[in-house]
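# Understanding the architecture of this molecule
The residues making up each chain are set out below.
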Amino acid sequence: MFLWLAIGLTGCREDELVVPTEYDIIGDENYRSDIRGFYLVNEGNMGSNKCTLDFYDYRTGLYSRNFYAERNPNVIKELGDVGNDIGIYGSKLYVVVNCSHKVEVMDARTGVRLGQIDIPNCRYVRFYRGKAYVSSYVGPVLIDPEAPKGAVFEVDTTSFAITRKVSVGYQPEEMEIVDDYMYVANSGGYRVPDYDNTVSVIQMIDFKQVQQIPVGINLHRVKKDRYNKLWVTSRGDYQTRPSRLYVLDKRKGYNQMIVTDTIPVACSNMAIKGDSLYYYATEWNNYTSSNTISYGIIDVRSKEIISKGFITDGTEKDITIPYGIAVHPETGDIFVTDAKNYVSSGTLYCFTKEGRKKWSVRTGDIPAHIVFLPN
Amino acid sequence: MIKKIFVLLFLFGLSGISVCIANEKTESDAKERKEEKGEKKERKLKSDSSQASDTLGRNLKELVVTASRPGQDVIPAQTLSGDELRRLNSNSVADAMRYFSGVQIKDYGGVGGIKTVNIRSMGTNHTGVVYDGVELGNAQNGQIDLGQFSLDNIESISLYNGQKSEILQPAKDFGSAGSIYMRTRTPHFEEGENYHARLTIRTGSFDLINPSALVELKLSERVNASLSAEWINSSGKYKFRYRRVNPAGELAYDTTAVRENGDINATRLELGFNGSLPSGSWHLKAYNYNSERGVPGAIVNNVWRRGERIWDTNSFVQGRYNGYFGRFSTLNNVKYAFYRTHYVNNDDKQIKVDNLYKQKEIYLSSANEYEILDNWRASVSYDFMWNTLDADVYGFVKPERLSQFLSFATAFNLDRFKVQASGLGTFIHDRIIGQESPADKHVFTPAVFISGNPLRNKDFSLRAFCKQSFRMPTFNDLYYADMGNSKLEPEKVTQYNVGVLYDHNSQDAFLTAARFSTDIYYNRVNNKIVAYPKGQQFRWTMLNLGLVEIRGIDVTGMMTLNPLKDFYFTLRLQYTFQRAIDITNPADNYYRHQIPYIPRNSGSVIGNILWRGWSLNYSWIYVGERYNQQENIRYNYTQPWYTSDISIGKDFRFGKVNLRGMIEVNNLLSQDYDVILNYPMPKRNYRFAITAEI
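In this report, we go over the structure that sits alongside the text.

What counts as what
Residues numbered from 1 in each chain as written. Chains lettered and ligands numbered in written order. Predicted model: local features only at pLDDT ≥ 70, side-chain atom pairs only at ≥ 80, totals over all residues. Heavy atoms only, no water. Helix = DSSP H or I, 4+ residues; strand = E, 2+ residues; numbered from the N terminus. Contact = heavy atoms within 4.5 Å. Areas by Shrake-Rupley, 256 points an atom, 1.4 Å probe, with all protein chains shown as cover. Lys, Arg positive; Asp, Glu negative; His and termini not counted. Charge placed at Lys NZ, Arg CZ, Asp CG, Glu CD. Buried < 20%, exposed > 50% of the residue type's maximum accessible area, 1.4 Å probe, protein only. Salt bridge = Lys/Arg side-chain N within 4 Å of Asp/Glu carboxyl O. Pairing = 2+ DSSP bridges. Axes fitted to C-alpha atoms, helices over the stretch in contact; angles between N-to-C directions. Core = buried A, V, L, I, M, F, W, Y, C linked by side-chain atoms within 4.5 Å. Polar contact = N/O pair within 3.5 Å; in protein donor to acceptor, adjacent residues only side chain to side chain. Phe/Tyr/Trp six-rings, centres within 6.5 Å; stacked < 30°, edge-to-face > 60°. Buried area = accessible area lost by both parts, 1.4 Å probe. Nonpolar A, V, L, I, M, F, W, Y, C, P; charged D, E, K, R; others polar. Patch = residues over 30% accessible without salt bridge, like charges linked within 9 Å, V, L, I, M, F, W, Y side chains within 5 Å. Disulfide = S-S within 2.5 Å.

## Description of the overall build of chain A
When you go through chain A residue by residue, the secondary structure sums to two helices and 29 strands. The principal-axis extents of the C-alpha atoms in chain A amount to approximately 80 × 50 × 50 Å. Of all intrachain contacts in chain A linking residues separated by at least 6 positions in sequence, the fraction that spans at least 24 positions is 47%. Accessible surface for chain A amounts to roughly 14,400 Å². Of this, 49% is attributable to carbon and sulfur atoms. For chain A, the distance from the average site of its 43 positive side-chain charges to the average site of its 46 negative ones is 4 Å.

## Some points on the overall build of chain B
Scanning chain B for helices and strands turns up seven helices and 35 strands. Put simply, chain B has 694 residues, and 62% of those count as buried. Look at the contacts in chain B between residues 6 or more apart in sequence, and 64% of them connect residues 24 or more apart. Counting only carbon and sulfur atoms, one obtains 59% of the accessible surface of chain B, whose full area is about 26,100 Å².

## Notes on the pattern of salt bridges
Residue and element names in this part refer to chain B. In the structure shown here, the tally under the stated rule is 64 salt bridges over all chains. Between Arg241 and Asp254 there is a salt bridge, with the nearest N and O atoms lying 2.9 Å from each other. On the criterion of sequence distance, the pair formed by Arg241 in strand S11 (residues 239–245) and Asp254 in strand S12 (residues 251–258) is long-range, its members being 13 residues apart. The class for Arg241 is partly exposed, based on a relative accessible area of 28%. Two residues, Arg524 and Glu549, come together in a salt bridge whose shortest N-O distance is 3.3 Å. Of this pair, Arg524 sits in strand S24 (residues 511–533) while Glu549 sits in strand S25 (residues 540–564), placing them 25 residues apart in sequence. A residue is classified by how much of its surface remains accessible, and Glu549, at 8% relative accessible area, is buried. Each of Asp132, Asp152, Arg202, Glu230, Arg268, Glu270 and Lys285 takes part in one network of salt bridges that share partners.

## What about the sheet that holds strand S5 (residues 83–89) of chain A?
Residue and element names in this part refer to chain A. If you walk across this open sheet you meet the four strands as S5-S6-S7-S8, and the pairing is antiparallel. Looking at the sheet topology across the chains shown, the edges are occupied by S5 and strand S8 (113–118). Strand-to-strand, the axes of this sheet are offset by a mean angle of 20 degrees, without reference to chain direction. Looking at chain direction, strand S6 (residues 92–97) and strand S7 (residues 102–107) are connected through six bridges and run antiparallel. Across the sheet, Lys92 pairs through a bridge with Asp107, a residue of S7.

## Quick word on the nonpolar core
Membership of the largest hydrophobic core comes to 55 residues, with the highest contact counts inside it found for Met97, Leu146, Ile157, Ile180 and Met182 of chain B. Here this core takes four residues from helix H6 (residues 93–97) of chain B, the largest share from any one element.

## What to know about the side chain of Asp145 of chain B
All names here are of chain B. Within the element layout of this structure, Asp145 appears in the loop between strand S5 (134–135) and strand S6 (154–161). Since its relative accessible area comes to 12%, Asp145 is described here as buried. Engagement of the side chain of Asp145 in a polar contact is seen with the backbone nitrogen of Lys115, the distance being 2.9 Å. Setting aside residues up to four positions removed in sequence, Asp145 forms contacts with Gly113, Ile114, Lys115 and Arg293.

## Observations regarding the packing of aromatic side chains
Here the structure, examined in full by the defined rule, presents 39 aromatic pairs over all chains. Where Trp620 of chain B meets Tyr622 of chain B, the ring centres are 5.8 Å apart and the plane angle is 25 degrees; that geometry is what we call stacked. Given the relative accessible area of 2%, Trp620 of chain B is considered buried. Here Tyr622 of chain B falls in the buried class, since its relative accessible area comes to 3%. Ring geometry for Tyr622 of chain B versus Tyr642 of chain B: centroids 5.9 Å apart, planes at 15 degrees, classification stacked. In this pair, Tyr622 of chain B is assigned in strand S28 (residues 614–623) and Tyr642 of chain B in strand S31 (residues 641–654), connecting sequence segments 20 residues apart. Given the relative accessible area of 7%, Tyr642 of chain B is considered buried. One aromatic cluster in this structure is built from Phe38, Tyr56, Tyr58, Phe335, Trp359 and Phe372 of chain A.

## Comments concerning the interface of chain B and chain A
On the chain A side, the residues contacting the 68 residues of chain B number 75 residues. When chain B packs against chain A, the two sides together hide about 6,600 Å² of surface, and 57% of this comes from carbon and sulfur. Looking only at chain B, the three residues that lose the most surface to chain A are Asn301, Phe538 and Tyr635 of chain B, adding up to 12% of its buried area. Arg243 of chain B serves as the salt-bridge partner of Asp15 of chain A, at 3.2 Å between the closest nitrogen and oxygen. On inspection of chain B and its partner chain A, the count reaches 37 residue pairs in polar contact (both at pLDDT 80 or more). At the level of elements, helix H1 (2–17), S11, S12, S24, S25, strand S26 (567–582), S28 and S31 of chain B are the ones that each hand at least two residues to the side of chain B that touches chain A. Taken together, the residues of the side of chain B that touches chain A break down into 36 nonpolar, 18 polar and 14 charged.

## Describing the sheet that holds strand S17 (residues 219–224) of chain A
Residues and elements named next belong to chain A. One open sheet accounts for four strands, arranged S17-S18-S19-S20; its pairing is antiparallel. In this open sheet, the two strands that pair with only one neighbour each are S17 and strand S20 (257–263). Ignoring which end each strand starts from, the neighbouring axes of this sheet average 25 degrees apart. Both strand S19 (residues 244–250) and S20 contribute to a ladder of six bridges, which runs antiparallel. Looking at the pairing, Val247 lines up with Asp261 of S20.

## Re a nonpolar patch on the surface
Residue and element names in this part refer to chain B. Residues Tyr195, Val215, Leu217, Leu219, Leu227, Leu269, Leu271 and Ile694 make up a contiguous nonpolar surface patch of roughly 680 Å² in combined accessible area. Elements supplying a minimum of two residues to the nonpolar patch: strand S9 (208–218) and strand S13 (264–277). Structurally, Tyr195 is set in strand S8 (residues 195–204).

## Remarks on the state of the cysteines
Residues and elements named next belong to chain A. In this structure the tally under the stated criterion is zero disulfides over all chains. We note that Cys99 lacks a disulfide partner, and the nearest cysteine sulfur, in Cys122, lies 9.1 Å from it. With relative accessibility at 12%, the residue Cys99 sits in the buried group.

So far we have only geometry, and geometry alone does not tell us how the molecule works.
Here's what the structure looks like:
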């Protein structure tokens, strides 16, 4: 009876509070930079509704963890389930929330919500001439209901209305735009073992798919370098065919991209600054029951691996699962996130361009995507 | 705070006038109640069931008797049975399990929601669930959804920590870290009776329609039969509410919505035959459960409805033979089970899924006991089991498993002490298609149980046990698509438990029964099987990576008062403290944190009044604060919840027909809570039942 009384008195429910923001002092301040800070999206495990947004402010040296709910307390069930991408265009911040089937639009300086764009199973966002483009696993018309093709949606960045959509390959992922053409990496991840292996080419003027370039199976990332070459990653089939990195370029005098090189490394994610492409790869090894993690730098001109590791002080041993990568456009600081076991707080590491750890901070669950906020 | 005080006042008000007949009774009570003389070993077959449900007067007497035989088992079980079970506001076996100490329920909400049970934080897969003497299996994921078992035909539910302290039992029963025994009603006929029939209709919230019927026939002096049938239909719709305030106390949002896609349409059919032989007995049972359910899914931002559906067909036939020949006794079981699960995801925003899973199981068991001396018995049991899983999934390896279990057990009954020791050898061989089969596994797990009355007073006893057990990785752990890992080792548990029990009974006194028990335990889970990320988005594999340490205290108390003639008042309390921590790796940021969904404090109070055919039952369940992920940080904090349920029943008699009406109100204070994050539970809801019995 007393025990029960004790429970009754101590363990009662209280009003459920809006998820509070936490602050960490980092102290890596930089007043003169044109970069004011950066946003980091934590994906959150599926079904947990724990997609969260963090911000680092170079003017105050403060890291704000999980600030969305406090900034937008009236949004029911907060930011959503499984963040998948982030982007800034003009004064607006876009977060793609995959399992909430929406793109959340906020004011880039304040994080205050401006609206949302409902797009089913949306994956990545890119911008071009006043429009946002969002890839989606679900096509606008279910031609073949058994295997619906994916699509790219065009969204007006002032009205947030979907203006056009185009059907592409199966389960499209990242996109990149070069000379009025958009290149979309198709994964076909829902069609195991019949993965898609193409990059869709969309002519932006009439928003039509004009070509599908065969590249490799289960494509994921597309990044362009400053020479307008495309760097495309394949995840492989996780069994016999390993992950690879492909280079697409135009032949002289032609307007068509073709695969010019296959870099013999596995690549999970990459970031390009200047002539350097920083990458990492996580590959599961069935034989040892462990992940093989590798890092490296590729010179985008020579397409050669110039370094097998950009972390030079041994910190890579602390990183369980690298999950996101970004390079500061001015200082060249390298950011790597560690997703650990997917269901606990991750860590964000900041390295100098020489590869020495500057600082690290606790993040939300599955820290993954970073975007820099210009001043 | 005001709410808090209100809850307490309310409780006091009620507990002052309320009663319950729930008790922690020993399995061997059945033995004491059986009328047959001479067949001293027939305890397992003898059911107390039919006696428990005829008329209220008899019930009462019976229940008092029930509470009065402690200490026959080395470790007594926690049991809910007969009318006490019926009076609890419970839809399913899982709901009733909430009243046991040391148990955590995962409840995804609603009539059709999945409900699994975890004993003493060791994990659902370590819980054996035994239905009428044979363990229910699920080789696919190792978890039994207790939400599927309605209480309609269940006569008693018992929870055993460690194992049931019998030595004449199937080898597999020595294997689980904790077990739940469900027993269905067995016909029992008085002189001159040839049949019983019962019809029940339940209805209430969630558009529930739930008729059930039971017919029992006496086929001959030695053989009787029973047929039980039930239909459950419910839309599963209920209102739930999410409300948040900002730190200044202003409302941030407050939204109420209706839970969708939680409908269920299920039928259950059970046919049983019981027979007695000159030196033994037999039992045959056929069981079929068919359901179509919506899977309500997590409520997340912008998603309020999902498109997953599951069709289940679970069928089994099982038979049992007991024989007693002088000092030798034997117990033999056979079972064939077929489980079919059809899973469809119709959500046009997600990947289309349409998979069919088929499981088959054949089980043979022979347990044999010999009484070497009057106070020394020994047993040998051998079980053979064959499981397969087939699925129309790409690259499915169609696993097949042959398991053999061999156990030795012995029991000494000294003057004031009882000792039991057992050892179980398990031999597992898996075969898969298209890949190399994993190596065979052999595991030996011992257990020792001791109890005694150190004082001359028989009311007071001490008990202790230590036990090793393990769980095999399930087919999903080993072979599921590219998530499974065929190199997994069994997950091992070691348990240590010491406890005291005070149990006092006096038939006609004011204080009819009083019982108090406390157990302190330490458990360790080694090689815990956990999901481990493979690097790309949500690609996982399973690894033997976890190490968990559990320290706990279970306290139960019960008393029955009889202050006036025909007036019984029972109060039952139960409290559990658990500190279950993850000690896998000091580098983890959740090192030594409480594991997910295990509250430190939980408990329940049941109060019950019986008076001349009236019954009033009040129950209060409390589950303390928990964390929904490994890390104990505020982003993973889950609030405590506590619900009050109340029921009023009345028995009538019209000639030969006994009628009983019941009104239940669940979640009386309409608390908005989640047991599992993002799976909201129903607000206040109602149920009405009418039962006619001849």
